[in-house]
Amino acid sequence: MQFELRGVSMQYPGGVRALGDLSTTISPGVTGLLGPNGAGKSTLMLLLVGLARPTAGTIQLNGADLTGARPALYQRLGYVPQRFTPYPSLTVREFLTYVATLKRIEPKTARHQRVEQVLSLLHLEEVQARRTAHLSGGTRQRLGLAQALLNEPDVLILDEPTAGLDPDERLHFRRIIAGLGQHRTVIVSSHILGDLAQTCERLVVLEQGRLLYHGAVDALVAKALGSVWEMELPETQVDQVSREAVVISTRRAGDRVLVRAASLCPIGPGARPVEPTLEDAYIWLRGASVREGGAAR
Ligand code: ADP
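None of these values were measured; they are calculated from a predicted model.

Novice: Tell me about helix H4 (residues 108–121), and name the residues and values.
Specialist: Taking 1.5 Å of rise per residue, 14 residues should cover 20 Å, and H4 covers 20 Å from first to last C-alpha, within 8% of that figure. Those residues of H4 lying buried are Arg111, Arg114, Val115, Val118 and Leu119. In an axial view of H4, the angular spread of the buried residues amounts to 140°, which keeps them on one side of the axis. Exposed residues pointing more than 90 degrees away from the buried face of H4 are listed as Thr109 and Gln113. On its buried side, H4 packs onto helix H3 (92–102) and helix H5 (137–149). His123 sits one or two positions beyond H4 and adopts a positive phi of about 55°.

Novice: Let's hear about the pattern of salt bridges: which residues, and what values?
Specialist: The full count for this structure, using the stated rule, is 11 salt bridges. Residue Glu235 is joined to Arg252 by a salt bridge in which the shortest nitrogen-to-oxygen separation is 2.5 Å. Separated by 17 residues along the polypeptide, Glu235 in the loop between strand S11 (228–234) and helix H9 (238–244) and Arg252 in strand S12 (residues 246–253) bring together distant segments of the chain. Judged by relative accessible area, which is 47%, Glu235 ranks as partly exposed. Via salt bridges that share partners, Glu230, Arg260, Arg272 and Asp280 belong to a single interconnected network.

Novice: Give me empty space enclosed by the protein: which residues, what numbers.
Specialist: Scanning the model with the defined rule gives 1 cavity of 30 Å³ or more in all. There is about 50 Å³ of room inside the largest cavity. Elements with a contribution of two residues or more to the lining of the largest cavity: helix H6 (167–180), strand S8 (185–190) and helix H7 (193–199). By residue class, the composition of the lining of the largest cavity is 4 nonpolar, 4 polar and 2 charged.

Novice: Requested: an account of unusual backbone geometry, with residues and values cited.
Specialist: The step from Glu106 to Pro107 runs through a cis peptide bond, and the omega angle for that step is -5°. Structurally, Pro107 is set in the loop between H3 and H4. With a phi close to 55°, His123 is a non-glycine residue in the positive phi region. Tracing the sequence through the fold places His123 in the loop between H4 and H5. Positive phi outside glycine occurs at Glu160, with the angle close to 45°. You can see Glu160 is positioned in the loop between strand S7 (155–159) and H6.

Novice: Before we move on, can you summarise the side chain of Thr43 with the specific residues and values?
Specialist: With respect to the secondary-structure elements, Thr43 resides in helix H1 (residues 41–48). Within the local environment of Thr43, its side chain forms a polar contact with the side chain of Tyr12, the two groups lying 2.8 Å apart. Dropping the residues within four chain positions of it, Thr43 is found in contact with Met10, Tyr12, Ala18 and Leu19.

What counts and what doesn't
- Residues numbered from 1 in each chain as written.
- Predicted model: local features only at pLDDT ≥ 70, side-chain atom pairs only at ≥ 80, totals over all residues.
- Heavy atoms only, no water.
- Helix = DSSP H or I, 4+ residues; strand = E, 2+ residues; numbered from the N terminus.
- Expected span 1.5 Å × (residues − 1).
- Buried < 20%, exposed > 50% of the residue type's maximum accessible area, 1.4 Å probe, protein only.
- Arc of directions from axis to C-beta.
- Contact = heavy atoms within 4.5 Å.
- Salt bridge = Lys/Arg side-chain N within 4 Å of Asp/Glu carboxyl O.
- 1 Å grid on protein atoms, 1.4 Å probe; cavity = no way out; pocket = protein on both sides within 12 Å on 5 of 7 lines; lining within 4 Å.
- Points joined across faces, edges and corners; volume = space filled by probe spheres on them.
- Nonpolar A, V, L, I, M, F, W, Y, C, P; charged D, E, K, R; others polar.
- Polar contact = N/O pair within 3.5 Å; in protein donor to acceptor, adjacent residues only side chain to side chain.

Function-wise, these values are silent; they only describe arrangement.
As structure tokens, then:
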């Protein structure tokens, strides 16, 4: 399924403009939604699942207007909010059965079967009798995804699913998400670049409610080709470089500092061009946006 956004803006009561004039198309596969805190990622997700309406513009899902609130469309969506909190006194199985009932999965045998399927898909069988209050962060996130998958949605929207997980849990979760994108439209937000780089085919980069980039991960990296440099400098010169280029990292090497920076031209006589990483490209992109006059609210 495909989302078409045309001129979408969102202003909260009180005047905060969380999104401004966003136009783009989100296609099947896994799309990462990237941006710093406050960039508008959660707001965009709320609009995509129909929990909020844009103050201007339109959102279509496969050509049908989402802002017209057609319940049949919402049946095809699954959503895991940022802080997913299941009822603590229910066990994992009880909670899934409860949500399956709310989602009107009928008759009872079909509901039971679907609960079994998602327990197995998310490797939750071992904890099915455990109260949700006693789950680890990673297991709770898997339960969040399990409940979203109960109605076999074509579209899955996951708001920061890997936040607060330890490295093993993150790895496990990333594998699951990548697998889900084979047959669905999956939109997953994060400000952790590594997580998105591993799971997503495409990235939507937001900054202060404005679209900075939408395209393939590789194409974003390619944009920074020829614009990332490294050089060793005395510490006293680092400030000077940061005025002329976007400093990505600094590392002390003896009495000098190894500076990695993004700039359209070499950052000094000893600068050597280096292969950009996704992180370089993202920092370069954000720096370019600031140089071009900043994101518009
Ligand atoms: P992100 O998910 O990228 O951190 P959000 O969509 O949560 O960004 O927030 C975008 C902007 O909208 C921020 O400035 C935030 O403070 C503001 N905002 C978010 N939710 C509300 C709300 N319910 N009421 C008022 N302002 C909000």
